[in-house]
Amino acid sequence: MKTFSRKLQLSTAIALSSTLLLTACPSDNGNIKSSGDKISKKNKALLVIDVQKCFTKGGSLAVPKGDEVVPYINKLIDSKKYGKVVLSQDWHPQNNVSFASNHKGKKVYEVIKVDGFDQVLWPDHCVQNTDGAKFHADLKADKADYVVQKGTLKDYDSYSAFEDNNGKHSTPLNAYLKKQNIKEVDIVGLALDYCVKYTALDAIKNGYKVNVYVDGTRAVNVNATDGQKAIDEMKKAGVNVIE
Ligand SMILES: [Zn+2]
């Protein structure tokens with residue numbers, strides 16, 4: 001299997017995957033492990049990454065069992081542990097560079113060069129204002145304080161909720177969090193080894209204390225160890241990975 005880089009998009013990996021990492025949901029008593037932080041609630045945000053129809057059961061690029069994160073995440077949303085709850089939303093124009101359909105003669109999963117970077121070509125997904133781009137129907141999205149959309153430009157793709165894969169365009173997320181005086185973020189969502197990982201790494205770079213709750217994520221695992229590698233990489237970067 002080809003080694004995937006950051007420049008590759010989540011979607012291909014999702015479509016290619018056949019395995020699943022770390023599947024535990026919260027136990028029946030609803031206990032969610034503590035990150036052990038001392039930062040006050042108002043300075044802490046929950047970041048929920050890309051829990052959308054296209055990436056969950058029945059979606060065009062569904063992460064296997066990705067829908068299972070929804071009850072866990074809903075408990076976090078309801079936990080009143082956070083000053084702000086933020087959702088990220090993959091939100092592509094129909095002419096996005098990452099779609100194979102926009103490259104004549106190219107097939108899904110082919111890799112092309114875009115601006116000097118590898119770009120995998122994916123099936124259409126999370127197209128702006130379509131049903132597949134909506135949040136999972138059971139996610140308590142109405143309780144979010146803020147939604148950040150990513151991958152919104154024609155010529156760029158984005159794993160991270162902070163910036164595109166080429167690092168050329170930032171989303172409004174960092175400015176929002178700074179304005180709200182957020183110091184610490186808890187990250188969950190889809191997928192552990194792509195968008196969650198890159199969002200966590202960018203959060204570290206942007207100066208936040210970062211916790212990733214593995215039980216609130218699912219890995220793509222294009223290669224069987226990708227989820228574990230993502231965990232190791234995040235830990236090495238200073239992310240508090242809670243397993
Ligand atoms: Zn996408």
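Residues numbered from 1 in each chain as written. Predicted model: local features only at pLDDT ≥ 70, side-chain atom pairs only at ≥ 80, totals over all residues.

Caption draft 1: Region of interest: the overall build of the protein chain. When its secondary structure is counted, the protein chain shows five helices and eight strands. In the protein chain, the succession of helices and strands from N to C terminus is α-β-α-β-β-β-β-α-β-α-β-α-β. Counting all 243 residues of the protein chain, 47% fall into the buried class. Long-range pairs, those at least 24 residues apart, make up 75% of the contacts in the protein chain between residues at least 6 apart in sequence. (Helix = DSSP H or I, 4+ residues; strand = E, 2+ residues; numbered from the N terminus. Buried ≥ 20, exposed ≤ 12 C-beta atoms within 10 Å, placed from the backbone. Contact = placed C-beta atoms within 7 Å.)

Caption draft 2: Structural detail: helix H4 (residues 192-205). In this model, H4 (14 residues) spans 18 Å end to end at C-alpha, consistent with the 20 Å of a helix rising 1.5 Å per residue. Burial runs high along H4: 12 of the 14 residues are buried. Among the residues of H4, Leu-192, Asp-193, Tyr-194, Cys-195, Val-196, Lys-197, Tyr-198, Thr-199, Ala-200, Leu-201, Asp-202 and Ala-203 are the ones counted as buried. Of the residues one or two after H4, Gly-207 is the one with positive phi, at around 95°. (Expected span 1.5 Å × (residues − 1).)

Caption draft 3: Fine view of helix H5 (residues 226-237). With 12 residues, H5 should cover 16 Å at 1.5 Å per step; its first-to-last C-alpha distance of 16 Å lies within 8% of that length. For H5, the set of buried residues is Asp-226, Gly-227, Ala-230, Ile-231 and Met-234. With its buried residues spanning 145° around the axis, H5 presents them on a single face. Within H5, the exposed residues directed more than 90 degrees away from the buried face are Asp-232, Lys-235 and Lys-236. On its buried face, H5 is in contact with H4, strand E7 (209-218) and strand E8 (240-242). At the C-terminal side of H5, Gly-238 shows a positive phi close to 105°. (Arc of directions from axis to C-beta.)

Caption draft 4: Fine view of the sheet that holds E8. Read from one edge of the open sheet, six strands run E5-E2-E1-E6-E7-E8, paired in parallel fashion. Either end of the sheet is taken by a strand with one partner, and the two such strands are strand E5 (146-150) and E8. When the angles between neighbouring strand axes are averaged without regard to direction, this sheet yields 20°. As paired strands, strand E1 (residues 44-49) and strand E6 (residues 184-190) are joined by six bridges and run parallel to one another. (Pairing = 2+ DSSP bridges. Axes fitted to C-alpha atoms, helices over the stretch in contact; angles between N-to-C directions.)

Caption draft 5: Region of interest: the packing of H4 against H5. Packing of H4 against H5 brings their axes to within 10 Å, and their N-to-C directions diverge by 5°. Put simply, H4 runs roughly parallel to H5. Along the contact surface, H4 presents Leu-192, Asp-193, Lys-197, Ala-200, Leu-201 and Ile-204, while H5 presents Asp-226, Gly-227, Ala-230, Glu-233, Met-234 and Ala-237. Considered class by class, the residues forming the contact of H4 with H5 number seven nonpolar, one polar and four charged. (Parallel < 35°, antiparallel > 145°, perpendicular 65-115°, else oblique. Nonpolar A, V, L, I, M, F, W, Y, C, P; charged D, E, K, R; others polar.)

Caption draft 6: Spotlight on the confidence of the model for the protein chain. Looking at the protein chain as a whole, its pLDDT mean stands at 86, while 84% of the residues score no less than 70. In this model, residues 1-31 is a region of pLDDT below 50 whose contacts with residues beyond four sequence positions or in other chains number 75 contacts. (pLDDT = per-residue confidence, 0-100.)

Caption draft 7: Expanded view of the environment of Gly-83. With respect to the helices and strands, the residue Gly-83 is situated in the loop between helix H2 (69-78) and strand E2 (84-90). Overall, the presence of 18 C-beta atoms within 10 Å leaves Gly-83 in the partly exposed class. Taking the C-alpha atoms as reference points, Gly-83 and Ile-182, 99 residues apart in sequence, are found 8.0 Å from one another.

Caption draft 8: Representation of the environment of Ile-77 in the model. For Ile-77, the position within the fold is in helix H2. For the pair Ile-77 and Lys-143, spaced 66 residues apart in sequence, the C-alpha to C-alpha distance is 7.4 Å. In contact with Ile-77, other than residues within four places in its own chain, are Leu-46, Val-85, Lys-140 and Lys-143.

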